[in-house]
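Residues per chain, in single letters:
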2 protein chains.
Amino acid sequence: MTVREQPAKEHRRTRQRAAVDDVLDETEDFISAQELHALLRARGAGVGLATVYRTLQTLADDGRVDVLRSDAGEAVYRRCVREEHHHHLVCRSCGATVEIAGPAVERWAKSVADQHGYSDVSHTLEIFGTCPRCAAA
Amino acid sequence: MTVREQPAKEHRRTRQRAAVDDVLDETEDFISAQELHALLRARGAGVGLATVYRTLQTLADDGRVDVLRSDAGEAVYRRCVREEHHHHLVCRSCGATVEIAGPAVERWAKSVADQHGYSDVSHTLEIFGTCPRCAAA
DNA sequence: GGTGGTTTTGACAATGGTTGTCAGTCTTGA
DNA sequence: TCAAGACTGACAACCATTGTCAAAACCACC
């Protein structure tokens, strides 16, 4: 039983928030505020950068998006989904990405956490390497 | 945690690096570069901020300190307890950290990368949860 | 103890993600 | 329709971190 039950205040529906929502709906992976802003600008739905940040913060506060920190320290966001997550094998050089399922790793992480009495467990795992094409070049 | 396979180059021994080392030795928890810099200044052993950053980066590259990202996105450092590559089980609430060795995961990551032809492989893996003490509170 | 070639340092500028500001705009309930 | 006030956007401010480069420190090697 969690104690934090903020009754998610009502917010006004605006064009900008709808636009951010749309992008989040279409985006499977974590996305940074900067990327989201660039995407919106590219598709013509201009939304101020500050507004993107504020909207994401609000969504995060309401528990409607997950927030992580990328390796570079950038905050990245993703629509909260309860579905099984997957990991990524990313090319360091060209960014080519392969999605990876690792049920064994999930179980391992869970059991390690259990052994130490940690509850409410989540984890992050990314694999980096050089893809065949970049290795050949 | 990120895997690195750089063969720890030799570095010169300087007053500044010794000072940073001392602080790390005395510090149980993760500490930010800014905090470390302030500490050094406070105790009279003035070390430039850029130098603190460089020293920590070097130590991290050599695998002699662990690097994490605080919730605020700040990079935080701690003397490595284990020599080999390892991961962390971190309490979301209080930051309590347990170091984890996962040889099976290392092998798994390697084999997944191999299957897709990726070379020069590294990976990051962190487990987050609520530690027993915070869960009780 | 000198000496020279490197490495390291530190002050400062630059970068880049994120947040603060505030006048003007838009949404909503009445 | 109308007023209250929530929301927006352009821009400045913040701040951790990195880049720069001349000066200082270090470490073989004389």
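Structure: see above.
Bear in mind the structure is a predicted one, so any value in this text is a computation, not a measurement.

To continue, consider the interface of chain B and chain A. Interfaces are often sized by the amount of accessible area the parts lose when they come together. The partner chain A presents 38 residues to the 39 residues of chain B that form the contact. Interface area for chain B against chain A, summed over the two sides, is near 3,000 Å², with a carbon-plus-sulfur share of 64%. Contact with chain A buries area across many residues of chain B, yet Trp108(B), Tyr118(B) and Thr124(B) alone supply 23% of it, more than any other trio. Applying the counting criterion to the chain B and chain A interface returns 0 salt bridges.

All names here are of chain B. The element strand S4 (residues 87–91) is extensively covered by neighbouring structure, given that 5 of its 5 residues are classed as buried. The alternating pattern of S4 places His 87, Leu 89 and Cys 91 on one face and His 88 and Val 90 on the opposite face, and all of these are buried. Note that S4 and strand S5 (residues 97–100) share 4 bridges and pair antiparallel. By the bridge assignment, Leu 89 is partnered in S5 with Val 98.

Let's shift gears to the protein's contact with DNA strand C. Of all residues adjacent to DNA strand C, which total 22 residues, the nearest are Tyr53(A), Ala75(A), Arg12(B), Thr14(B) and Arg54(B). In the model, a base oxygen of DNA strand C is placed 3.4 Å from a nitrogen or oxygen of the Arg54(A) side chain. With respect to DNA strand C, the side chain of Gln16(B) contributes an N or O atom lying 2.9 Å from a phosphate oxygen. Only helix H3 (49–61) of chain A together with helix H1 (15–26) and helix H3 (49–61) of chain B provide two or more residues apiece to the surface near DNA strand C.

This brings us to the protein's contact with DNA strand D. Within the structure, DNA strand D sits among 23 residues, and Arg12(A), Thr14(A), Arg54(A), Tyr53(B) and Ala75(B) are positioned closest to it. Taking the atoms of DNA strand D that fall within 4 Å of the protein, sugar and phosphate contribute 65% of them. Between DNA strand D and the protein, one listed contact pairs a base oxygen with a side-chain N or O atom of Arg12(B) at 3.0 Å. A distance of 2.5 Å is found between a phosphate oxygen of DNA strand D and a side-chain nitrogen or oxygen belonging to Tyr53(B). When contributions to the surface near DNA strand D are tallied by element, the ones reaching two or more residues are helix H1 (15–26) and H3 of chain A together with H3 of chain B. When residues of the surface near DNA strand D are assigned to their parent elements, the largest contribution, 5 residues, is made by H3(B). Partitioned by chemical class, the residues of the surface near DNA strand D number 6 nonpolar, 9 polar and 8 charged.

This part is about the sheet that holds strand S2 (residues 65–69) of chain A. Residue and element names in this part refer to chain A. Spatial strand order, S1-S3-S2: 3 strands in an open sheet with antiparallel pairing. Taken across any chain shown, the strands that pair with only one partner, and hence form the sheet edges, are strand S1 (31–32) and S2. The sheet contact formed by S1 and strand S3 (residues 75–79) spans 2 bridges and is antiparallel. Within the sheet, the bridge partner assigned to Ile 31 lies in S3 and is Tyr 77.

So, about the nonpolar core. Leu89(A), Trp108(A), Tyr118(A), Ile127(A), Leu89(B) and Trp108(B) are the most contacted members of the largest nonpolar core, which has 26 residues in total. Elements with a minimum of two residues in this core: strand S4 (87–91), helix H4 (103–115) and strand S6 (119–130) of chain A together with S4, S5, helix H4 (103–115) and strand S6 (119–130) of chain B. Ignoring any residue separated from it by four or fewer positions in sequence, one finds Tyr118(A) in contact with Ala113(A), Leu89(B), Val90(B), Cys91(B), Ala96(B), Thr97(B), Val98(B), Gly129(B), Thr130(B), Cys131(B) and Pro132(B). Leu40(B), Val47(B), Ala60(B) and Ala75(B) belong to the second largest nonpolar core, which has 16 residues in total.

The rules we used
Per chain, residue numbering runs from 1 following the sequence as it is written. Written order determines the labels here, with chains lettered from A and ligands numbered from 1. Per-residue local features of the predicted model are confined to residues with pLDDT of at least 70, and side-chain atom pairs are confined, for both listing and counting, to 80 or more; whole-chain, interface and lining totals are unaffected and use all residues. Side-chain figures throughout are based on the complete set of non-hydrogen atoms in the structure, without hydrogens or water. When checking whether two residues touch, look at their non-hydrogen atoms; a contact exists if any pair is within 4.5 Å. When two parts are put together, the accessible area they lose, computed with a 1.4 Å probe and summed over both, is reported as buried area. What counts as a salt bridge is simple: a side-chain nitrogen of Lys or Arg found within 4 Å of a carboxyl oxygen of Asp or Glu. Only protein chains enter the calculation, and the probe is 1.4 Å; a residue is then buried if its accessible area is under 20% of its type maximum, exposed if over 50%, and partly exposed in between. Strands are runs of DSSP state E lasting at least 2 residues, helices are runs of H or I lasting at least 4, and numbering of each runs from the N terminus. At least two DSSP bridges between two strands are required for those strands to pair. Any residue with a non-hydrogen atom lying within 4 Å of a molecule or strand is treated as near it. Under this definition, polar contacts are N or O atom pairs within 3.5 Å; protein pairs additionally need one hydrogen-donor-capable and one acceptor-capable atom, and for neighbouring residues in sequence, both atoms have to be side-chain atoms. Residue classes follow a fixed rule: Ala, Val, Leu, Ile, Met, Phe, Trp, Tyr, Cys and Pro count as nonpolar, while Asp, Glu, Lys and Arg count as charged, and any other residue, Gly among them, counts as polar. Here, the term nonpolar core denotes a set of buried Ala, Val, Leu, Ile, Met, Phe, Trp, Tyr and Cys residues that are joined through side-chain atoms within 4.5 Å.

Purely geometric stuff here, so don't read any function into it on its own.
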